[in-house]
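# Coordinate inspection notes
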Amino acid sequence: MTVTSPLNIGDSAAPLEEHTVELSDRALAGWEIASVASSVVIAEWMAASAAGLSKAIIAIPIALAVLLIIMSHRLRRESLRDIGFRLDNFFKALSLLALPVAVTALLCLGIGWRLGTPINFFRWHPGRFLVLQLALGFAWALAQQYVLQGFLNRRAMIAAGRGWPSVLIVGALFGLLHLPNPWVTVITLMAGLIWAAIYQRVPNLFAVAITHSLMTWFVVSTLPPSALNHLRVGIGYFF
Amino acid sequence: MRRLSRGTFAQLLIGKSIIEALLVTVVAAGLFLATTNPKLHGWLDQADAQTISGWAVDDGNSARRVDVQLFIDDKFIEQRAANELRPDVHQANRAQDDWHGFVFKTPTLAAGEHEVKVYVLHSSTSATRRTLQIVGNPLRFRSGL
């Protein structure tokens, strides 16, 4: 029997007891989640603080996080298909997402109507063509969902198991990373839970990103702009 | 492609954490230096119902007249240059010339105790920020009205 520490990092070839391997994997996945989340926090909260130096400085934590994510995929031998860049389950994922998107859209319309907000579907960057803005929104959503679902959700499943514990971790992380914007934090918390739950059933990033972009469009078009504060998060919320 | 070992990956995680910790430290120190001038010195000598006076100097460029702002009970009252005659500051080797004093005429205030604070204005090198650094300690006085 080999005596090992819970996280045996020195000799990956050493024989490990089964329960030790499982713990090691969970701990490593938890560490990966914390590391990528901390990079995003540094980027979000450093941008304005570092304005006296250069805003380009935020590229450092982002680049480190991307490097870590790529290395993590290599370590765990995950393919693009495993991560969710695939089309075979696209319509199945989209059908599961249709109801939550419809409910969210109705909820937004209801809240907007209740608060007396004028509904304007051209409010999301009015200087751009709507189609272009939706395309840009999709690209940004795909990048976010790749990190959120393709990395954080998958690591959360290793750390906490498939199901509600990992779904809660992903939803809470997505919400907390949108602090201190209160409306956006609540919306992303709820949306994060839905996306995480559906991704665990049908992992397809394209479907999740399309609904992300559509829901952002609906939120921006129906809810009070003063409350959303241009969807600013991190320290930028205050400026 | 060679398989990445768990040990190498853990080292990558540790390295990333160290780089980010250093980055945050550099940004924090840079922000402090951008918003604070440790060479600004001065003192709030006196405050009463008639006048509020003291002196302020930028040791990094003591020929410059720095701007000071008066706050009473945390409300902004007035800004002016610290360019009044203060030969004692020069004689004490705190400035290169006699003209670094400030005197504010105390405005009409409600009866009771008031707190006076004077701040030196500091502009960051990129001129994107202006910050206030307190001069000496706050003083309290009673207004008789």
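Residues numbered from 1 in each chain as written. Chains lettered and ligands numbered in written order. Predicted model: local features only at pLDDT ≥ 70, side-chain atom pairs only at ≥ 80, totals over all residues.

## Things to note about the overall build of chain A
What counts is decided by this rule: Under the scheme used here, helices are H or I runs from DSSP no shorter than 4 residues and strands are E runs no shorter than 2 residues, and both carry numbers assigned from the N terminus. Exposure is read from a count of other C-beta atoms within 10 Å of each residue's own; the residue is exposed at 12 or fewer, buried at 20 or more and partly exposed in between. C-beta atoms are placed from the backbone. Residues are treated as contacting if the C-beta atoms built from their backbones sit within 7 Å of each other.
When helices and strands are counted, chain A shows 9 helices and 0 strands. When the helices and strands of chain A are listed from N to C terminus, the series reads α-α-α-α-α-α-α-α-α. Expressed as a percentage of the 239 residues in chain A, the buried residues total 33%. Summarising the internal contacts of chain A: among those between residues at least 6 apart in sequence, 71% fall at separations of at least 24.

## A short note on the overall build of chain B
Stated precisely, the cut-off is as follows: We compute the radius of gyration from the C-alpha atoms alone; for a globule the expected value is 2.2 Å times N to the 0.38, where N is the number of residues.
From N to C terminus, chain B includes 2 helices and 9 strands. Along chain B, helices (α) and strands (β) appear in the sequence α-β-β-β-β-β-α-β-β-β-β when read from the amino end. At 23 Å, chain B has a C-alpha radius of gyration far larger than the 15 Å of a compact globule built from 145 residues. Counting only C-alpha atoms and orienting by the principal axes, one finds that chain B spans roughly 85 × 40 × 25 Å. Within chain B, buried positions represent 23% of all 145 residues. Restricting to contacts in chain B with at least 6 residues of sequence separation, those with at least 24 account for 59%.

## Some remarks on the domain arrangement of chain B
This is how it is decided: The source of the domain bounds is an automatic or database domain assignment.
What the domain assignment lists for chain B is domain 1 (1-35) and domain 2 (40-143). Measuring from the centre of the C-alpha atoms in domain 1 of chain B to the corresponding centre in domain 2 of chain B gives 43 Å.

## A short note on helix α2 (residues 59-75) of chain A
Residue pairs spaced three or four apart in an α-helix point in one direction, given the helix's 3.6 residues per turn. Residues and elements named next belong to chain A. Note the threshold: Expected helix span is given by 1.5 Å per residue-to-residue step, counting one fewer step than there are residues. Comment: arc refers to directions from the helix axis out to C-beta atoms.
With 17 residues, α2 ought to run about 24 Å at 1.5 Å a step, and its terminal C-alpha atoms sit 24 Å apart, in line with that. For α2, the complete set of buried residues consists of P61, L64, A65, L68, I69 and S72. Buried residues of α2, seen end-on, are gathered within an arc of 135 degrees and therefore sit on one face of the element. More than 90 degrees from the buried face of α2, the exposed residues found are A59, A63 and I70.

## What to know about the packing of helix α4 (residues 90-115) of chain A against helix α8 (residues 205-222) of chain A
To describe two helices that pack against each other, one gives the angle between their axes and the distance between the axes. Residues and elements named next belong to chain A. Heads up, the rule is: Axis lines are fitted to C-alpha atoms, over the contacting stretch for helices. Their N-to-C directions set the angle, which ranges from 0 to 180 degrees. Should an angle lie under 35 degrees it is considered roughly parallel, over 145 roughly antiparallel, and from 65 to 115 roughly perpendicular; all remaining angles are considered oblique. Three classes are used: nonpolar for Ala, Val, Leu, Ile, Met, Phe, Trp, Tyr, Cys and Pro, charged for Asp, Glu, Lys and Arg, and polar for all others, with Gly counted as polar.
Their axes nearest at 9 Å, the elements α4 and α8 cross at an angle of 10 degrees. Regarding the angle of α4 to α8, the classification is roughly parallel. Every residue of α8 that contacts α4 at F90, A93, L94, L97, V101, T104, A105, C108, L109 and G112 is listed here: F206, A207, V208, T211, L214, M215, F218, V219 and T222. Of the residues that constitute the contact of α4 with α8, the class distribution is 15 nonpolar, 4 polar and no charged.

## Some thoughts on the sheet that holds strand β1 (residues 40-47) of chain B
In plain terms, the rule: Here, strands pair whenever DSSP counts at least two bridges between them.
Reading across from one edge, β1-β2-β6-β5 (chain B) is the order of the 4 strands in this open sheet, with antiparallel pairing throughout. In this open sheet, the two strands that pair with only one neighbour each are β1 and β5 (84-85) of chain B.

## Considering the environment of A:W140
Take A:W140: it is sitting in helix α5 (residues 130-160). In this structure the C-alpha to C-alpha distance between A:W140 and A:S213, which are 73 residues apart in sequence, comes to 8.2 Å.

## Some remarks on the nonpolar core
This is how the line gets drawn: Put simply, a nonpolar core is buried Ala, Val, Leu, Ile, Met, Phe, Trp, Tyr and Cys residues tied into one set by C-beta atoms within 7 Å.
Of all hydrophobic cores here, the largest spans 50 residues; its most connected members are A:V36, A:L152, A:A156, A:V170, A:W195, A:V208 and A:V219. At the level of secondary structure, the elements contributing two or more residues to this core comprise α1 (18-46), α2, α4, α5, α6 (164-176), α7 (182-201) and α8 of chain A. Sequence-distant contacts of A:V36, defined by excluding residues within four places in its chain, comprise A:A65, A:L68, A:I69, A:V147, A:F151 and A:L152. Core analysis: the next-biggest nonpolar cluster, separate from the first, contains 20 residues, B:F102, B:V118, B:V120 and B:V135 among them.

## Some points on unusual backbone geometry
The step from A:L179 to A:P180 runs through a cis peptide bond, and the omega angle for that step is 5 degrees. With respect to the helices and strands, the residue A:P180 is situated in the loop between α6 and α7. Backbone geometry at B:D73 places phi at a positive 55 degrees, although glycine is not the residue there. By the secondary structure assignment, B:D73 is in the loop between β3 (67-72) and β4 (75-81). The phi angle at B:N93 is positive, at roughly 60 degrees, despite the residue not being glycine. Note that B:N93 resides in the loop between α2 (87-91) and β6 (99-105). A residue is classified by how many C-beta atoms lie within 10 Å of it, and B:N93, with 7 of them, is exposed.

## Observations regarding the environment of B:H41
All names here are of chain B. Mapped onto the elements of the fold, H41 is located in strand β1. Taking the C-alpha atoms as reference points, H41 and G136, separated by 95 residues in sequence, lie 8.1 Å from one another. In contact with H41, other than residues within four places in its own chain, are V57, D59 and R94.

## Overview of the pairing of strand β7 (residues 112-123) of chain B
Residue and element names in this part refer to chain B. The pairing of β3 with β7 spans 5 bridges and is classified as antiparallel. Opposite F71, over in β7, you have K117 as the bridge partner. Pairing of β7 with strand β9 (residues 139-143) involves 5 bridges; the strand directions are antiparallel. Within β9, the position partnered with E113 by the bridge is R142.

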